[in-house]
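Examining the three-dimensional arrangement
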Amino acid sequence: AGAPPPQKAVWNSKDTWEERDVTAWAVERFAELLQEEVCQVSPSINLKFRDVLRVVGDAQVVVFQRRTRYLFDFSEVEIAWAAENKEGSPLFNGRCIIRDAASGAAAADLELETAFAPATDDEKAVNDFLRRRGEGLNLRASVGAALERFEAEFVRLSGEGVALAVKFPKSKRLAKR
């Protein structure tokens, strides 16, 4: 999928190894896809991802032995979310950290950390949604869906797309490892 990165180095005439950092583009694109997700917590509550606050990780397009590989590892993604009623009015906000969002990761592979302390019935419903694992509606499934869409788009980058991604401005969301 996709062509090798453009303008390969002169020293790399046999395509032995070449790596292009596309982390800034990858972080911003994943944030956009995540913010498109709307999670139905219950018949009366939706959860929306308001923002990706911080990402620890990286993304590269690698050419190794004439094969192009698309690798990303977002070891930690801090997300701000908002619970809303069916009319879209905000009820309350929270944050969570998703760990292990990486190439080939499934929703079940994602780890979730949250310090959300529910007080009302609506807050308890959201807390259950956040902590639920396995099949059905849960936060991991929603993040996993955005991650799958990101990876499908990422592996379709061609030479020109890689060149644009390499030049993408540094992301303010990107944290140091």
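Further up the page is the structure itself.
The structure displayed is predicted, hence computed values, not measured ones. (Residues numbered from 1 in each chain as written. Predicted model: local features only at pLDDT ≥ 70, side-chain atom pairs only at ≥ 80, totals over all residues. Heavy atoms only, no water.)

With that settled, consider helix 3 (residues 139-154). In this model helix 3 runs 22 Å from its N-terminal to its C-terminal C-alpha over 16 residues, within 8% of the 22 Å that 1.5 Å per residue would give. Among the residues of helix 3, Leu139, Arg140, Ser142, Val143, Gly144, Ala146, Leu147, Phe150 and Phe154 are the ones counted as buried. Of the residues flanking the start of helix 3, the one acting as N-cap is asparagine 138, its side-chain oxygen 3.0 Å from the backbone nitrogen of arginine 140. (Helix = DSSP H or I, 4+ residues; strand = E, 2+ residues; numbered from the N terminus. Expected span 1.5 Å × (residues − 1). Buried < 20%, exposed > 50% of the residue type's maximum accessible area, 1.4 Å probe, protein only. Polar contact = N/O pair within 3.5 Å; in protein donor to acceptor, adjacent residues only side chain to side chain.)

So, about the nonpolar core. Counting residues in each nonpolar core, the largest one holds 44 residues, and the members touching the most others are Phe74, Trp81, Val126, Leu139 and Phe154. Mapped by element, the contributors of at least two residues to this core are helix 1 (23-36), strand 2 (38-42), strand 3 (45-64), strand 4 (67-85), strand 5 (90-102), helix 2 (121-131), helix 3 and helix 4 (159-166). Setting aside residues up to four positions removed in sequence, tryptophan 81 forms contacts with Leu47, Lys48, Phe49, Arg50, Phe92, Asn93, Gly94, Arg95, Cys96, Phe116, Val126 and Leu130. (Core = buried A, V, L, I, M, F, W, Y, C linked by side-chain atoms within 4.5 Å. Contact = heavy atoms within 4.5 Å.)

Glancing now at helix 4. Looking at helix 4, one finds that the buried residues are Gly159, Gly161, Val162 and Ala165. Each buried residue of helix 4 sits inside an arc of 160° when the element is viewed along its axis, so together they form one side. Residues of helix 4 that are exposed and point more than 90 degrees away from the buried face comprise Glu160 and Leu164. The inward-facing, buried residues of helix 4 abut strand 1 (17-21), helix 1 and strand 3. (Arc of directions from axis to C-beta.)

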